[in-house]
Amino acid sequence: PAIDAVHPATLDPLAAALTAAGRPVSRQGTSDLAVTLPEGTRKVSGNALRVRRRAVLYHGTLLDNFPLELIGTLLRHPPREPAYRQRRSHEAFLANLALGRDQIDAAVRAAFEAERDEHDWPRQQAETLVASRYGQRSWTERL
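Calculation criteria
Residues numbered from 1 in each chain as written. Predicted model: local features only at pLDDT ≥ 70, side-chain atom pairs only at ≥ 80, totals over all residues. Heavy atoms only, no water. Helix = DSSP H or I, 4+ residues; strand = E, 2+ residues; numbered from the N terminus. Contact = heavy atoms within 4.5 Å. Areas by Shrake-Rupley, 256 points an atom, 1.4 Å probe, with all protein chains shown as cover. Lys, Arg positive; Asp, Glu negative; His and termini not counted. Charge placed at Lys NZ, Arg CZ, Asp CG, Glu CD. Salt bridge = Lys/Arg side-chain N within 4 Å of Asp/Glu carboxyl O. Buried < 20%, exposed > 50% of the residue type's maximum accessible area, 1.4 Å probe, protein only. Pairing = 2+ DSSP bridges. Axes fitted to C-alpha atoms, helices over the stretch in contact; angles between N-to-C directions. Core = buried A, V, L, I, M, F, W, Y, C linked by side-chain atoms within 4.5 Å.

A. Broad picture of the overall build of the protein. The number of helices and strands found in the protein is six helices and four strands. In the protein, the succession of α and β elements from N to C terminus is α-β-β-β-β-α-α-α-α-α. Dimensions along the principal axes, computed over C-alpha positions, put the protein at roughly 45 × 35 × 35 Å. Here the analysis covers contacts within the protein between residues at least 6 apart in sequence; of these, 45% occur between residues at least 24 apart. Of the roughly 10,400 Å² of accessible surface on the protein, 52% is carried by carbon and sulfur atoms. Across the protein, the 20 positively charged side chains and the 17 negatively charged ones have centroids separated by 9 Å.

B. Structural view of the pattern of salt bridges. As enumerated under the stated definition, the model contains four salt bridges in all. With a shortest N-O distance of 3.5 Å, K43 and D32 are connected by a salt bridge. Of the two residues, K43 sits in strand β3 (residues 40-52) while D32 sits in strand β2 (residues 32-37), which places them 11 residues apart along the sequence. Note on D32: relative accessible area 8%, which makes it buried. R109 is paired through a salt bridge with D105; the nearest N and O atoms lie 3.3 Å apart. Remark: D105 and R109 occur in helix α4 (residues 101-111); sequence separation between them is four residues, near one turn of the helix.

C. Geometry of the pairing of β2. Relative to β2, strand β1 (residues 25-28) runs antiparallel, the two being bridged by four bridges. Among the inter-strand pairings, R27 is bridged to a residue of β2, identified as L33. The antiparallel hairpin formed by β1 and β2 contains three residues in its connecting segment, where G29 sits at a positive phi of about 55°. Sheet topology note: the β2/β3 ladder contains six bridges and is antiparallel. Within the sheet, the bridge partner assigned to L37 lies in β3 and is G40. Taking the residues between adjacent antiparallel strands as the criterion, β2 and β3 are bridged by two residues.

D. Examining the environment of V35 more closely. Here V35 shows up in strand β2. The spacing of V35 and A114 is 79 residues in sequence and 24 Å in space, taken between C-alpha atoms.

E. View of the sheet that holds β1. As summarised here, the arrangement of the four strands in space is β1-β2-β3-β4, forming an open sheet in which the pairing is antiparallel. The two strands at the open ends of the sheet, each matched to only one other strand, are β1 and β4 (55-60). Between one strand and the next, the sheet's axes are offset by a mean angle of 25°, whatever the strand orientation.

F. A look at the nonpolar core. Ranked by size, the top nonpolar core spans 15 residues in total, and within it L18, V25, L33, V35, V44 and L97 carry the most contacts. With sequence-adjacent residues up to four places away left out, L18 is seen in contact with R23, V25, L33, L62, L97, L99 and A107. Within the second largest apolar cluster, seven residues are counted, among which are A34, L63, L68 and F93.

Printed below as a string of structure tokens:
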């Protein structure tokens, strides 16, 4: 189906831009980006999408300077995993891009041809949502 094209259409340009920024990044599994290191292929980005009748939300992470040793204490081993994970622990499976915020920002902008900052967005609505839900411990620690 057409929805299967969303991951490569989003991740392939991002992988190319991050590679141009200095890290050999490729798409792995269904929706991951990874770097190939001497010790193996390691995930640097996990992504997902939410599809509605008239909209698609694509979101993900880019690990750059994250304390990887904490992940095993924060997350359980997933019940399903891509073949390239090879049952490795979080610490042995993940890596940081180590490019820095400015280079990652430039790569994301290049990948999606985002050449200008958007200043006209619903700032008040976002602040209200953070105050009423997303900034509340009861929301962020609900699981």
